[in-house]
Amino acid sequence: MAKKQFKAESKRLLELMINSIYTNREIFLRELISNASDALDKRYFEGLTDKSKNVSKKDLWIKITPDKENRTLTIEDTGIGMNAQELESNLGTIARSGSAEFREALEKNTSKIDIIGQFGVGFYSAFMVAKKVTVESRPAGSEEAYRWVSSGEDGYTIAKTEKDSVGTRIILELKDDTDEETYSEFLEEWKIRELVKKYSDYVRYPIKMDVTKSIPDPTDETKTIDTVEEETLNSMVPLWKKNRNKISEEDYNEFYKSTFSDWEEPQKHLHYNVEGNISYTALLYIPGKTPFNFYNTDYESGLRLYSKGVFILDNAKDLLPECYRFMKGLVDSDDLNLNISREILQQDRQVKALAKSIDTKITKMLEDMLEKEREEYEKFFDNFGLNLKYSIYKSYGTLKNKLQDFLLYRSSNEGNYTTLKEYVSRMKEGQNEIYYACGATIDEIEKLPVLAKVKSKGYEILYFTDSIDEFVIRMMMNYDDKQFRSVTEAGLDLDSEEEKKAREATAEENKEMLEAMKNALGENVSEVRISSRLTDDPVCLVADQGMSIEMEKVLSQDPMNRGMKATKILEINPNHPIFAKLKEVFAAKPEALNDYADILYTQALLIEGLPIDDPADYARRIVSLMVNTVLPEKNDSGSEAETAE
């Protein structure tokens, strides 16, 4: 029996394919099962179109048989089979696909049947694990069978053989184990189960295997005996292909937990079919809790991709926009163009159309939650709202229109969540700005000295408690033509004309003292001025043009940005007793004003949550001030003595 060589550069192509096309050798079993499924489809289709073929679906199956002693793995099917010429054509020439030809034939009429194979190269993935491959096949309607044998690049032989049933049997003689590579695991029951479950669980035909089980010995209850039973390894009908009306919430939840290895039940699911230019089925989930590594760089987002029920790719990022990376789920489509190894998607119009469709569905899902299930949406936002904010920021605001109405903020309006749209609907007549305040917590924000004045004017304030918040609104620029305005921004002015005139008069009257305090603080502040926003507190810091104080705090956590500082203005409350004291000190002992200015500035830093340069020196100044405070003299009765004018 003469050995034949692979045709048309196939020898080199085989070498490249084994070493380059497939990056994960375990997919060889997926490819061989997919080919077997194709063969079963063809035979079943023949039975539908030609009743004389007498094909019963219960007789169509795939069987896997590991043989540890001989180091062989056999994959057998009862499909259409191949004659000598088909073995020559389909296996002798790499990249010639019988499935592709069958599909082309089907497309010429109205019949439809799903065929997985497209490229005619999946079979050769077997050589990643096998040193020799034997194919025994008998076509339907024939008594003759043929054997195709190859050890890889050195060619193949085809000869007649005996086979008592229709179908194809592929026998892999596994490579020997080495220190670098282990092949014996593919003969283990647990490994075969794992691969079938992962890649081929939803192939529509049963995938069988003889398994050894221990059962009680009927003659001696203290002992067990081993028995071999045939077991079906795959579930065959995927959940997402079932009628939605027959799937319970528990079914959806259990599928999610088992498929995506999550202990928590999902918060919500979305199950739908789309037919059109690109047809697909999707089953998407919002997780019930934020994954522990969700905001780490090693978190893998994306959807599982199936083609006709066969697992193709995990974490298909091309199908899921980054702003919705929190979604878990899967997509099953017949229409996608995969690359030659079926491991990654080709970038084409189909992929873009599919991704756009999924994007639209998720957006609508969130819109409905926000409108009709507010409590559920707030729960979702607590888990994944930060990702929506990051998406606006990282897109430099290009996703603003898409995501801005999904953002929620706590506010001074009873501390409840509010959307920007809701905030604007409650704005006072004549109000043109959206006011916000930043802090690590709501309690911290509530203690800011500047809040009381804004509230007293009847304005609602958004509470920004995420470090990214202020960066996000800088990218958004505005909402509904309303500008965002920080209550700690220098340009904030809520005073009436009368209040402005009174403040300007006070500033002019104390111009020298304010200038002296500015000189005492040097480059720490750009100005010391009379405040229009303080009611009860003595001083506060506000940011001049550019970077805000909150942004300085965020950026200072990055070693690369520690030199970046906001331009600060120290504001003094003219109605606080400290202001009268400052005037008194400046009039009696101007040089003492330096200590007062420094203490007040440091106090303002602490209120804002900013670090101070020398805590020990600050403590000494406070103690010194306390020690040198002159108290009123006491008379003999213990009451304060009257001071003669």
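Because the structure is predicted, anything quoted here is derived from the model rather than measured. (Residues numbered from 1 in each chain as written. Predicted model: local features only at pLDDT ≥ 70, side-chain atom pairs only at ≥ 80, totals over all residues. Heavy atoms only, no water.)

A. Molecular detail of the overall build of the chain. Along the backbone of the chain there are 19 helices and 22 strands. Considering only contacts in the chain between residues 6 or more positions apart, those separated by 24 or more positions represent 68%. Here the chain displays about 33,300 Å² of accessible surface, and carbon together with sulfur accounts for 46% of that area. (Helix = DSSP H or I, 4+ residues; strand = E, 2+ residues; numbered from the N terminus. Contact = heavy atoms within 4.5 Å. Areas by Shrake-Rupley, 256 points an atom, 1.4 Å probe, with all protein chains shown as cover.)

B. Quick peek at the packing of aromatic side chains. Overall, the coordinates contain 31 aromatic pairs when judged by the stated rule. On the basis of an interplanar angle of 70° and a centroid distance of 6.0 Å, the ring pair of Tyr 324 and Phe 326 is categorised as edge-to-face. We note that Tyr 324, like Phe 326, is buried. Taken together, the ring pairs in this structure connect Phe 294, Tyr 295, Tyr 299, Tyr 324, Phe 326, Tyr 377, Phe 380, Phe 381, Phe 384, Tyr 390, Phe 406 and Tyr 417 into an aromatic cluster. One residue, Lys 57, lies across the ring of Tyr 44, its end atom 5.2 Å from the ring centre. (Phe/Tyr/Trp six-rings, centres within 6.5 Å; stacked < 30°, edge-to-face > 60°. Buried < 20%, exposed > 50% of the residue type's maximum accessible area, 1.4 Å probe, protein only. Lys NZ or Arg CZ within 6 Å of the ring centre and 35° of its normal.)

C. Structural view of the pattern of salt bridges. This model, assessed by the stated rule, comprises 50 salt bridges. A salt bridge links Asp 314 to Arg 304, with the nearest nitrogen and oxygen atoms 3.4 Å apart. Taken together, the positions of Asp 314 in strand β12 (residues 310–316) and Arg 304 in strand β11 (residues 303–307) put the pair 10 residues apart, joining distant regions of the chain. According to the relative accessible area criterion, Asp 314 is partly exposed, its value standing at 33%. If you follow the salt bridges from partner to partner, you end up with Asp 595, Asp 598, Asp 617, Arg 620 and Arg 621 in one network. (Salt bridge = Lys/Arg side-chain N within 4 Å of Asp/Glu carboxyl O.)

D. Layout of the pairing of strand β21 (residues 539–543). In terms of residue burial, β21 counts as a mostly covered element, since 5 of its 5 residues are buried. With burial as the criterion, each face of β21 is covered, one bearing Val 539, Leu 541 and Ala 543 and the other bearing Cys 540 and Val 542. As paired strands, β21 and strand β22 (residues 568–572) are joined by 5 bridges and run antiparallel to one another. Following the sheet pairing, Cys 540 is matched in β22 by Glu 571. (Pairing = 2+ DSSP bridges.)

E. Broad picture of the environment of Ser 532. The topology assignment puts Ser 532 in the loop between β20 (527–530) and β21. Relative accessible area serves as the criterion here: at 9%, Ser 532 is assigned to the buried category. Among residues more than four places away in sequence, those in contact with Ser 532 are Lys 453, Leu 492, Asp 493, Asp 495, Arg 503 and Glu 571.

F. Broad picture of the sheet that holds strand β17 (residues 461–464). The sheet built from 6 strands is open, its strands ordered β15-β14-β17-β16-β19-β18 with mixed pairing. Only two strands of the sheet have a single neighbouring strand rather than two, namely β15 (417–418) and β18 (478–479). With 2 bridges joining them, strand β14 (residues 409–411) and β17 adopt antiparallel strand pairing. Along β17, the bridge assignment pairs Ser 411 with Leu 462.

G. Highlighting the side chain of Lys 482. Structurally, Lys 482 can be placed in strand β19 (residues 482–486). The buried charged residue Lys 482 lacks any salt bridge partner; its closest oppositely charged side chain belongs to Asp 480, at an N-O distance of 4.3 Å. Residues contacting Lys 482, with those up to four places away along its chain left out, are Met 427, Gln 431, Asn 432 and Ile 434. (Lys, Arg positive; Asp, Glu negative; His and termini not counted.)

H. Layout of the confidence of the model for the chain. Averaged over all residues, the pLDDT of the chain equals 85, while 87% of them reach at least 70. This stretch, residues 110–119, has a pLDDT under 50; its non-local contacts, to residues over four places away or in other chains, come to 41 contacts. (pLDDT = per-residue confidence, 0-100.)

I. The arrangement of the nonpolar core in detail. Core analysis: the biggest nonpolar cluster contains 167 residues, and Leu 172 and Tyr 324 have the highest contact counts within it. Apart from residues lying up to four places away in sequence, Tyr 324 is in contact with Asp 359, Ile 362, Thr 363, Leu 366, Asn 387, Leu 388, Lys 402, Leu 403 and Phe 406. (Core = buried A, V, L, I, M, F, W, Y, C linked by side-chain atoms within 4.5 Å.)

J. The arrangement of empty space enclosed by the protein in detail. This structure, assessed with the given rule, holds 2 cavities of 30 Å³ or more. One number sums up the size of the largest cavity: a volume of about 80 Å³. Secondary structure elements with two or more residues in the lining of the largest cavity: β16 (433–438) and α16 (549–555). Classifying every residue of the lining of the largest cavity gives 6 nonpolar, 3 polar and 4 charged. (1 Å grid on protein atoms, 1.4 Å probe; cavity = no way out; pocket = protein on both sides within 12 Å on 5 of 7 lines; lining within 4 Å. Points joined across faces, edges and corners; volume = space filled by probe spheres on them. Nonpolar A, V, L, I, M, F, W, Y, C, P; charged D, E, K, R; others polar.)

K. Here's a closer look at the sheet that holds strand β2 (residues 72–77). Judged by pairing direction, the sheet is mixed, and its 8 strands sit side by side in the order β5-β4-β3-β6-β2-β1-β7-β8 without closing on themselves. Looking at which strands have only one partner, the edges of the open sheet turn out to be β5 (156–161) and β8 (220–232). On average, adjacent strands in this sheet sit at an angle of 20° to one another, irrespective of strand direction. As paired strands, strand β7 (residues 207–217) and β8 are joined by 10 bridges and run antiparallel to one another. Bridged to Ile 215 within β8 is Ile 225. Those strands touched by helix α2 (residues 27–49) are β1 (62–67), β2, β6 (167–174) and β7, and its axis lies near 145° from that of β1. Of the strands in this sheet, β1, β2, β7 and β8 are in contact with helix α5 (residues 189–199), which crosses β7 at around 135°. (Axes fitted to C-alpha atoms, helices over the stretch in contact; angles between N-to-C directions.)

L. Representation of unusual backbone geometry. Although it is not a glycine, Met 236 adopts a positive phi angle of roughly 75°. Tracing the backbone through its elements, the reader meets Met 236 in the loop between β8 and α6 (249–260). Of the residues examined, Met 236 reaches a relative accessible area of 25% and is grouped as partly exposed. Despite not being glycine, Tyr 396 has its phi angle at roughly 55°, a positive value. Along the chain, the position of Tyr 396 falls in the loop between α8 (374–394) and α9 (400–403). Overall, the relative accessible area of 66% leaves Tyr 396 in the exposed class.

M. Spotlight on the environment of Val 424. The residue Val 424 is located in helix α10 (residues 420–425) in this model. In this structure the C-alpha to C-alpha distance between Val 424 and Lys 482, which are 58 residues apart in sequence, comes to 8.3 Å. Discounting residues that sit within four places of it in the chain, Val 424 has contacts with Ile 434, Tyr 479 and Asp 480.

N. The packing of helix α17 (residues 577–588) against helix α18 (residues 593–607), seen in detail. Put simply, α17 and α18 touch, their axes get as near as 9 Å, and they point 155° apart. Taken together, α17 and α18 sit at an angle that is classed as roughly antiparallel. On the side of α17, the interface is formed by Ile 578, Lys 581, Leu 582, Val 585 and Phe 586, while α18 contributes Leu 593, Tyr 596 and Leu 600. (Parallel < 35°, antiparallel > 145°, perpendicular 65-115°, else oblique.)

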